Amino acid sequence: MTAATAGRRRLAGAGAVVRRRLLVAVPVLAATSMGMFALGAASPIDPAQQYAGAAVFTTSEENLAQIRANWGVDDPLPVQYARWIGNLLRGDLGWSTSRHEPVTSVLAARAGWTLLLVGTALALVLVASVLLGTLAAYRRGGWFDRALRAAAYAVQSMPVFWIGLAAIAVFALALGWLPAGGLTDITATGTDPADVARHLVLPVTVLAISQAPWFVLFVRDAVAESLRDDHVLAARARGLPGRTVLFGHALRTALLPFLTLVGAHLPELVGGAVLVETVFSLPGLGAVTVAAALGADFPLLAATTLATAVVVLAANLATDLAYAAADPRVRLDD
Amino acid sequence: MAARSLEYVMVKPLPARVTAAAVAALLAVAGCSSPTTSSGGAGDAGTLVVATAGEPDTLNPVLNYGVDGASLIFDGLVARDAGNRLVPALARDLPTVSADGRTVTAKLREGVLFHDGTPLTAQDVVFTYRAVLDPKVDSTLRSDLDMLASVTAPDPATVVFTLKHPYAPFLQRLALGIVPAKAFAGQDVNKAEFNRRPVGTGPYRVTAWTPGDRLVLAAYDRHWGGRPKNPGVVVAFVADDNVRAQRMRAGEFDAAELAPKLATGFDGQGGYRVQRVPTADYRGVMLPMGNPVTGDLAIRRALNTAVDRQAMVTGVLGGAGEPAFGPVPPSSEFAEPSIVGRAAADPAAATATLDAAGWRPGPDGIRARGGRQAAFTLMYPATDSLRKELALAVTADAKKIGIRVTPEGLTWDAITPRMKTDALVMGYGTPYDPDFVSYKLFGSAFAGQGFFNPGSYRSAVADRALQQGRDSADPAVRRAAYATFQQQLAADVPWVFLTYLQHTYVVKDTVAGVTPRVEPHEHDVANSLWWNVHTWTKRP
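Keep in mind it's a predicted model, so treat the numbers as computed, not measured.

The rules behind these values
- Residues numbered from 1 in each chain as written.
- Chains lettered and ligands numbered in written order.
- Predicted model: local features only at pLDDT ≥ 70, side-chain atom pairs only at ≥ 80, totals over all residues.
- Heavy atoms only, no water.
- Helix = DSSP H or I, 4+ residues; strand = E, 2+ residues; numbered from the N terminus.
- Buried < 20%, exposed > 50% of the residue type's maximum accessible area, 1.4 Å probe, protein only.
- Contact = heavy atoms within 4.5 Å.
- Areas by Shrake-Rupley, 256 points an atom, 1.4 Å probe, with all protein chains shown as cover.
- Lys, Arg positive; Asp, Glu negative; His and termini not counted.
- Charge placed at Lys NZ, Arg CZ, Asp CG, Glu CD.
- UniProt positions renumbered as here; feature names shortened; annotations may be inferred.
- Pairing = 2+ DSSP bridges.
- Domains from an automatic or database assignment.
- Buried area = accessible area lost by both parts, 1.4 Å probe.
- Nonpolar A, V, L, I, M, F, W, Y, C, P; charged D, E, K, R; others polar.
- Salt bridge = Lys/Arg side-chain N within 4 Å of Asp/Glu carboxyl O.
- Polar contact = N/O pair within 3.5 Å; in protein donor to acceptor, adjacent residues only side chain to side chain.
- Axes fitted to C-alpha atoms, helices over the stretch in contact; angles between N-to-C directions.
- Parallel < 35°, antiparallel > 145°, perpendicular 65-115°, else oblique.
- Left-handed = near helix turned anticlockwise from the far one by under 90°.
- Core = buried A, V, L, I, M, F, W, Y, C linked by side-chain atoms within 4.5 Å.

Draft legend 1. Focus on the overall build of chain B. Assigned secondary structure in chain B consists of 13 helices and 22 strands. The buried share of chain B, reckoned over its 540 residues, is 54%. By sequence separation, contacts in chain B at least 24 residues apart represent 68% of the contacts at least 6 residues apart. With the model as given, the accessible surface of chain B reaches about 20400 Å², and the carbon-plus-sulfur share is 55%. Distance between charge centres in chain B, computed from 55 positive and 52 negative side chains, equals 2 Å.

Draft legend 2. Quick look at the UniProt feature "transmembrane region" (unreviewed entry) in chain A. Residue and element names in this part refer to chain A. Within this numbering scheme, the UniProt entry marks residues 21-42, 113-138, 159-180, 200-223 and 244-266 as carrying the feature "transmembrane region" (unreviewed entry). Spanning residues 159-180, this segment combines 68% helix with 0% strand, and its end C-alpha atoms are found 18 Å apart. Spanning residues 200-223, this segment combines 100% helix with 0% strand, and its end C-alpha atoms are found 32 Å apart.

Draft legend 3. Structural detail: the pairing of strand β7 (residues 158-163) of chain B. All names here are of chain B. Across the six residues that make up β7, a large majority, five, are buried. In this structure, strand β5 (residues 103-107) lies alongside β7, joined through five bridges in antiparallel fashion. Of the residues in β7, the one forming a bridge with Thr-103 is Thr-162. In terms of strand pairing, strand β6 (residues 148-155) meets β7 through five bridges, oriented antiparallel. Bridge pairing in β7 links Val-151 to Phe-161. Joining the antiparallel neighbours β6 and β7 is a turn of two residues.

Draft legend 4. Fine view of the UniProt feature "domain: ABC transmembrane type-1" (unreviewed entry) in chain A. With numbering matched to this structure, UniProt assigns "domain: ABC transmembrane type-1" (unreviewed entry) to residues 111-319 of chain A. Secondary structure within residues 111-319 of chain A divides into 81% helix and 0% strand; the distance between the first and last C-alpha atoms comes to 23 Å.

Draft legend 5. Molecular detail of the domain arrangement of chain A. Residue and element names in this part refer to chain A. Here chain A is described as being made up of domain 1 (3-96) and domain 2 (102-326). The C-alpha centroid of domain 2 is placed 28 Å from the C-alpha centroid of domain 1. With 25 residues of domain 1 at the contact, the number on the domain 2 side is 28 residues. For the pair domain 1 and domain 2, the summed buried area comes to about 2100 Å², and 76% of that belongs to carbon and sulfur atoms. Area buried by domain 1 at its contact with domain 2 is led by Met-36, Leu-93 and Ser-96, which between them contribute 25% of it. Of all elements in the fold, only α2 (14-42), α3 (47-52) and β1 (95-96) reach the threshold of two or more residues within the side of domain 1 that touches domain 2. With 13 residues, α2 is the single largest residue contributor to the side of domain 1 that touches domain 2. Looking at the side of domain 1 that touches domain 2 residue by residue, the classes come out as 15 nonpolar, eight polar and two charged.

Draft legend 6. Region of interest: the interface of chain B and chain A. Opposite the 70 residues of chain B that make contact, chain A presents 63 residues. Summed over both partners, the interface of chain B with chain A buries about 5700 Å², with 62% contributed by carbon and sulfur atoms. For the pair chain B and chain A, the interface holds one salt bridge. Where chain B packs against chain A, one counts 15 residue pairs in polar contact (both at pLDDT 80 or more). Every element with two or more residues in the side of chain B that touches chain A is listed here: α1 (2-10), α2 (14-33), β10 (232-237), α4 (241-249), α10 (412-415), β19 (423-428) and α11 (435-442) of chain B. Among the elements that line the side of chain B that touches chain A, the one with the most residues is α2 of chain B, at nine residues. Across the side of chain B that touches chain A, the residue classes break down as 34 nonpolar, 19 polar and 17 charged.

Draft legend 7. Fine view of the packing of helix α12 (residues 460-471) of chain B against helix α13 (residues 475-492) of chain B. All names here are of chain B. Two numbers describe how α12 lies on α13: the axes approach to 8 Å, and their chain directions differ by 155 degrees. Relative to α13, the element α12 is oriented roughly antiparallel. The way α12 lies across α13 gives a crossing that is left-handed. Residues Val-461, Ala-462, Ala-465, Leu-466, Gln-468, Gly-469 and Arg-470 of α12 touch α13, and the partners they reach there are Val-477, Arg-478, Ala-481, Tyr-482, Thr-484, Phe-485 and Gln-488.

Draft legend 8. Expanded view of the UniProt feature "domain: Solute-binding protein family" (unreviewed entry) in chain B. Per the UniProt record, "domain: Solute-binding protein family" (unreviewed entry) is annotated on residues 86-444 of chain B. Counted over residues 86-444 of chain B, helix gives 23% and strand 25%. Its end C-alpha atoms are 30 Å apart.

Draft legend 9. Geometry of the environment of Asp-524 of chain B. Residues and elements named next belong to chain B. Counting through the fold element by element, Asp-524 comes out in the loop between β21 (511-512) and β22 (537-538). For the pair Asp-524 and Gly-66, spaced 458 residues apart in sequence, the C-alpha to C-alpha distance is 8.6 Å. Those residues within four positions of Asp-524 in sequence are excluded, and the remaining contacts are Thr-52, Gly-54 and Trp-530.

Draft legend 10. Here's a closer look at the sheet that holds β6 of chain B. All names here are of chain B. Taken in spatial order, the four strands line up as β4-β5-β7-β6 in an open sheet, and their pairing is antiparallel. Every interior strand has two partners, whereas the edge strands, β4 (96-97) and β6, have only one. Where helix α3 (residues 122-133) meets the sheet, it contacts β6 and β7, and its direction lies at approximately 165 degrees from that of β6.

Draft legend 11. Region of the structure containing the nonpolar core. All names here are of chain B. One finds Tyr-129, Phe-161, Phe-170 and Trp-536 to be the most contacted residues of the largest nonpolar core, which totals 108 residues. At six residues, α3 tops the list of elements feeding residues into this core. In this structure, Phe-161 is in contact with Leu-77, Arg-102, Thr-103, Val-104, Val-125, Tyr-129, Leu-148, Ser-150, Val-151, Phe-170 and Leu-174, ignoring residues within four places of it in sequence.

Draft legend 12. Main features of the domain arrangement of chain B. Residues and elements named next belong to chain B. We note that the domain assignment places domain 1 (48-254 + 510-538) and domain 2 (277-501) within chain B. Summarising the inter-unit geometry, the C-alpha centres of domain 1 and domain 2 are found 33 Å apart. Listed by partner, the interface residues are 21 residues for domain 1 and 22 residues for domain 2. Across the domain 1 to domain 2 interface the summed buried area is about 1700 Å²; carbon plus sulfur atoms make up 59%. It is Ala-168, Val-518 and His-521 that lose the most area in domain 1 upon contact with domain 2, and together they represent 33% of the buried surface on that side. Note that Lys-440 and Asp-146 form a salt bridge whose closest N and O atoms lie 3.9 Å from each other. Scanning the region where domain 1 abuts domain 2 turns up eight residue pairs in polar contact (both at pLDDT 80 or more). A breakdown of the residues in the side of domain 1 that touches domain 2 according to their chemical character gives eight nonpolar, six polar and seven charged.

Draft legend 13. A look at the pattern of salt bridges. For the structure shown, the criterion picks out 32 salt bridges over all chains. With a closest N to O distance of 3.8 Å, Asp-144 of chain B and Arg-173 of chain B form a salt bridge. Of this pair, Asp-144 of chain B sits in the loop between α3 and β6 while Arg-173 of chain B is found in the loop between β7 and β8 (204-210), placing the two residues 29 residues apart along the sequence. Since its relative accessible area comes to 12%, Arg-173 of chain B is described here as buried. Taken together, the salt bridges that share partners define one network made up of Asp-46, Glu-61, Arg-68 and Asp-74 of chain A.

Structure follows, in structure tokens:
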């Protein structure tokens, strides 16, 4: 029996699992969106006043009522929800009252940047935390382990906002190595990938560092724990090289619970991204989501909430499948 | 054998592979959504970069973009010069007003072209104003133009406005940018693509707008006023004050608006200069008549003399402001000099007022009359740190004369229902005409209507003066009317006016041509220090 056929057999039930998860996803997403609209009905905020901004001091109540009527935000909740679902089924996510443009164009213009930021930061933090956490566990109690833990606790106590401003002060102002913010050079004529990449180095690193403590400490503890496991001790006793034992035996067992927890940690990463986008003036979804919440813009809020829910559900599914592929004891068709 | 199979599994580290694929997919997604490259504007030497916090929702004047002119992309029938005086723009001369004050006629300038090369006609002006009046259009400007009955174009070069009643400052309302009617043919004004990629007649045309990031403007060579002196302007939108200051320090911007205390950091720093621009933007305490304590004239007058405006300007505003005594800014030709009081506190006069009215100090130092303590709540929007500091300063000053003020930071939706009975730190102001804000803010007809006169101030004298100022076309009559209005306000004290703000900007020394003018409350892309950016130049 080769490892490949074993892997195939382990994933044999994957199709059924995916179908089952899709069936569960529909009511979850429906409930999420209904919750958003119920919150909207309970919110005391008048979206028309928010839209008027400072002009609200000179805008008559009649004028505001006309605008609310144009948007249909005074309609009964079930009517608004039915309209929203109907439009959704036709691929129309509705009209963002806070941005004053279709929700689809808000998402099209901004979601990519947030995904890019979160995605690269997640990749960076995973690779770095696995490496650093494993090394720290290997020489548990050594100077590297102690320094890493101290650093992790220190970073954990720093607000993301503060780390961002400090990074700008050091790397943009004092050293002048990297730009202080924005997506491109302020006078650039387009979005050149190299230019964008240079502008994303600081935000991605800051987001990764701010999220790293949790990951690093988890990997370190899990690997340290599994280094005492029987199968690892047995591998050592057989005289296998230290690196093989560490990465091949100890880390592999330690990573299994880590996989599922990564999915659960995603929302926190998105929350950090909102702050990082503010500090580095990135045109992502963060700032508009906050504005949408403050402005009672429920079509946009519902869309971003649904998008986040879809990503989290998909991430959970992916980690479960990965778990099944990595752990021979887990079977999807059970 | 067992070791070999473990090795085999080890060489395909799953997490890394999955994340690599995810990152590749994300890069593809982001790549698809990146705005297309456009030519012109940015990139050229001499392009100016300015930074501000306020980003407009749309770039359509009908939907409230740059309604008071200086919108860079559009021109109105009239514009304002460095002294905020009206000058003709798309109108050949200042529009004329008929004897009964109800018909306003504008003759259009000849040969004006929109950015797309089409000529400006009277139909475009008619379309712009009709769109504002259309209830289906989400324009808050409709409230400001509620005197406008109709607008017509008897010929392609003439526009006639008919008013429901005489409205003296009507020409001040004609700075609104004119949009091309053709761009909206068969479209919903609220949802038109135009709102993102507008076409105007102004000195700059839009080459790109990435909301949340920047607006790229290129000089419009065929502007009727002549070609701008620089090749283009980039407006960077940076919401956070500290971040904007950091990026200014990194040299990214030629000019940026900064909070006074952050701007002070650039004072005396080589290569930069700080511009403190006077405004009509006042902050004050609205004292509602529906509250038994603030409804008492003696309490209001005592507070008015007890507040230390000078200390607020120095301490709270970092010197970037001036004491305020009424809603008409000192820079206005309508400002009444007799209402200006002492900038410092006068606690002796304040306590004398309270003593005379029968408010006697109680055992805890708080005054009382007829069993009622001189105590009230002062609300402020919790997110506004400036208003919070002003509220705290008022609280401290009031305590010295035996009035207990309880400051309370709230969200607007919590503040709004309480405005009839609880005091509130408010702010607004426009330099253009005293009618603009004050008519609704202090007129008894608007008492208790939302943000219009929330404290229900009622004075027949003030009402008459405000109405006269609105009805009469004679500048002398208007000046007298607004003098009466300001004196009445100073006597009744429905508000304790505290300070006029100065908007503070940091500008690089290499920039020439900066001409500050008195600014209104609202200033972002339009109507900021860069109102005349088309005459700015930059040394390399």
